Amino acid sequence: MTYKVKCWECGNEITDNYLDACPRCNGSLTIEMDLSHLEGTKPEDLRSRPLGVWRYSHFLPINSDPVTLQEGGTPLYDCDKLADEYNVRELQVKFEGANPTGSFKDRGMTVGVSRAVELGCKVVGCASTGNTSASLAAYAAKAGLKCVVLLPSGKVALGKLAQAMFFGAKVVTVDGNFDDALRVVRELSHSGDLYMLNSVNPFRPEGQKTLAFEILDQMDFKLPDRIVYPVGNAANIWAAYKALKEWQSLGWIDELPMLTGVQAGGSAPLVNSFAHGQEDFKAVENPETVATAIRIGNPASGRKALKAVYDTGGVMTAVSDREIIEAQFLFGRKEGVGCEPASAASLAGVKKLLDEGKISRKERIVCVCTGHVLKDPDTVIANCGQVLKTPATADAVRKAIGG
Ligand SMILES: *Cc1c(COP(=O)(O)O)cnc(C)c1O
Ligand SMILES: [Zn+2]
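Let us look at the structure shown here. Quick caveat: nothing in here was measured; it's all calculated off a predicted structure. Sequence order as written defines the numbering, with residues in each chain counted from 1. Whichever chain is written first becomes A and whichever ligand is written first becomes 1, with later ones labelled in order. Reporting of local features is limited, given that this is a predicted model, to residues whose pLDDT is at least 70; pairs of side-chain atoms are given and counted only at 80 or more, and all residues count toward the totals for whole chains, interfaces and linings. Where side-chain values are given, they derive from all heavy atoms of the structure, hydrogens and water being excluded.

### What about the environment of Lys282?
With respect to the helices and strands, the residue Lys282 is situated in the loop between α8 (269–275) and α9 (302–311). Relative accessible area decides the class of each residue, using a 1.4 Å probe on protein chains only: under 20% of the type maximum gives buried, over 50% gives exposed, and in between gives partly exposed. For Lys282, a relative accessible area of 72% puts it in the exposed group. In this structure the C-alpha to C-alpha distance between Lys282 and Asn298, which are 16 residues apart in sequence, comes to 7.7 Å. Numbering goes from the N terminus for both helices and strands, where a helix is a DSSP run of H or I of at least four residues and a strand is a run of E of at least two.

### Examining the coordination of the zinc ion (ligand 2)
Ideal geometry at a metal centre gives angles of 109.5 degrees when four donors are arranged tetrahedrally and 90 or 180 degrees when six donors are arranged octahedrally. Every protein donor of the zinc ion (ligand 2) is listed here as Cys7 (SG), Cys10 (SG), Cys22 (SG) and Cys25 (SG), and their distances to the metal cover 2.3 to 2.4 Å. Relative to the metal, the four donor atoms surrounding the zinc ion (ligand 2) lie at angles of 97 to 119 degrees, and the coordination shape comes out tetrahedral. Distances up to 2.8 Å from the metal define which N, O and S atoms are donors, and 3.2 Å serves for Na, K and Ca; water is absent from the atom set, so sites may look incomplete. Mapped onto the sequence, the residues coordinating the zinc ion (ligand 2) show the spacing C-x2-C-x11-C-x2-C. Taken together, the residues Cys7 in strand β1 (residues 3–7) and Cys25 in the loop between β1 and β2 (29–33) connect sequence positions 18 residues apart. A site with four donors is called tetrahedral when every donor-metal-donor angle falls between 85 and 135 degrees; four donors are called square planar, and six octahedral, when opposite donors sit more than 155 degrees apart and all other angles fall between 65 and 115; any other arrangement is irregular.

### Considering the site of ligand 1
One heavy atom suffices: a residue is near a molecule or strand as soon as one of its heavy atoms comes within 4 Å of it. The environment of ligand 1 is formed by 15 residues, the closest being Lys105, Asn131, Asn233, Ala234 and Thr370. For ligand 1, an oxygen atom lies 2.8 Å from a polar atom in the backbone of Ala234. Definition of a polar contact: a pair of N or O atoms within 3.5 Å, with one able to donate and the other able to accept a hydrogen when the atoms are protein atoms, and with sequence-neighbouring residues admitted only if both atoms are side-chain atoms. One nitrogen or oxygen atom from the main chain of Ala235 is found 3.2 Å from an oxygen atom belonging to ligand 1. Method for areas: the Shrake-Rupley scheme with a 1.4 Å probe, in which residue coverage is limited to the protein chains shown. Starting from 380 Å² of accessible surface for ligand 1 in isolation, the protein chains cover 96%. Of the residues that constitute the shell around ligand 1, the class distribution is seven nonpolar, six polar and two charged. Polar here means any residue other than Ala, Val, Leu, Ile, Met, Phe, Trp, Tyr, Cys and Pro, which are nonpolar, and Asp, Glu, Lys and Arg, which are charged; Gly is therefore polar.

### A closer look at the pattern of salt bridges
One speaks of a salt bridge when a side-chain nitrogen belonging to Lys or Arg is within 4 Å of a carboxyl oxygen belonging to Asp or Glu. Within the structure shown, the criterion is met by 29 salt bridges. One salt bridge connects Asp217 with Arg55, and the closest N-O pair in it is separated by 2.9 Å. Of this pair, Asp217 sits in helix α6 (residues 203–218) while Arg55 sits in the loop between β2 and β3 (76–78), placing them 162 residues apart in sequence. What makes Arg55 buried here is its relative accessible area of 9%. A salt bridge links Glu96 to Arg107; the nearest nitrogen and oxygen atoms lie 2.6 Å apart. Remark: Arg107 occurs in helix α2 (residues 105–118) and Glu96 occurs in the loop between β4 (90–95) and α2; sequence separation between them is eleven residues. Shared partners join several salt bridges into a network, and the residues in it are Arg47, Arg55, Asp217 and Asp220.

### Some remarks on helix α7 (residues 235–249)
With 15 residues, α7 ought to run about 21 Å at 1.5 Å a step, and its terminal C-alpha atoms sit 21 Å apart, in line with that. The element α7 is extensively covered by neighbouring structure, given that twelve of its 15 residues are classed as buried. Against the buried residues of α7 lie β2, α6, β9 (226–230), β10 (258–264) and α9. How far a helix is expected to stretch is found by multiplying one less than its residue total by 1.5 Å. Note on contacts: a residue pair is in contact if any heavy atoms of the two residues lie within 4.5 Å.

### Things to note about the sheet that holds strand β12 (residues 364–369)
Paired strands, in this sense, are two strands between which DSSP finds at least two bridges. With mixed pairing, six strands are arranged side by side in an open sheet as β3-β4-β12-β9-β10-β11. The two strands at the open ends of the sheet, each matched to only one other strand, are β3 and β11 (316–319). Ignoring which end each strand starts from, the neighbouring axes of this sheet average 25 degrees apart. Both β10 and β11 contribute to a ladder of four bridges, which runs parallel. Orientation is described by axes fitted as lines to C-alpha atoms, over the contacting stretch for helices, and by angles from 0 to 180 degrees between their N-to-C directions.

Okay, structure coming up:
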């Protein structure tokens, strides 16, 4: 595929393969795909390939054999019981926990690591709240690359840490939060120590576009009214916007669903600026939330995310930790699907926006649930009752469970 890497802020074309920001204005980078070869085609034409990231290779900036673990192709669940509970016309959940390492990060990583291999890089690295590191470690293993991951000390969910270690990454916890870890990994990338695969690398969001492509594909190209994302570093909701604009430019879709972002109350820099109609935002100093995957005070793609929301007529809202955990458990116990806390922020956000009358109960809504419940077993167990203990007799068990 042909494409250009450009500065998203000033349009400067970037030719150095190792930059992570514009040398002229320090703006964030983006990829402009040349889609002219697709004119006159329709989305159904792609359906001879299996559902998944590489069904959409025409929209991806990779021109070699990809490093793939068969990511994407995740279920879109009709959640009628949850829709009843929230009193909304239609609620579907795109369950990204069904990806190879249990989060949507695999969509960006198959493209990012493929790019690293194309460039001949030997060492890849990232800063991560957990899932990016789990995903990168797996794809680096598959590609035979060395992998270094920087995690904020003390706040990484157990399942994610286990995955990064299991796949053989060098795991380093740094004193500080995610924003500090990102600053350090950018420095290591500038000095040539590693190829950085955080979502400021513009190849990552390209893969994440496929999440939105799949939703439309699974709905037979009949658009939902709204797609709701949990927002942390803010690349994923931006990727959805980019995906929708690309399909719109080809005439594959007419309108755009309202992109809606949900942050955790203790780390919600974008919600504050959305409330004031601002394009820019002020970083939150000490972000705090049980939803560690979105515990980010200075979202690297924050300005892009705000544009995505404004341009599609969406909204941004913040939810409390209690609302997040309630939504996580309700979803699990009504629908039988387990997602991690950050993922449930999208559901909690929908409930809140409905209750506040900020969105209509007549809407058809898709919530993106970004990661698997097993990522963070500690939070689950802390929010459940005690396990019952009895002697090994049927009678004792009967008594313990209350008949
Ligand atoms: C990374 C992540 C997010 C946030 O995505 P951004 O692109 O950083 O906004 C949300 N949920 C989970 C489970 C994640 O791993
Ligand atoms: Zn620039």
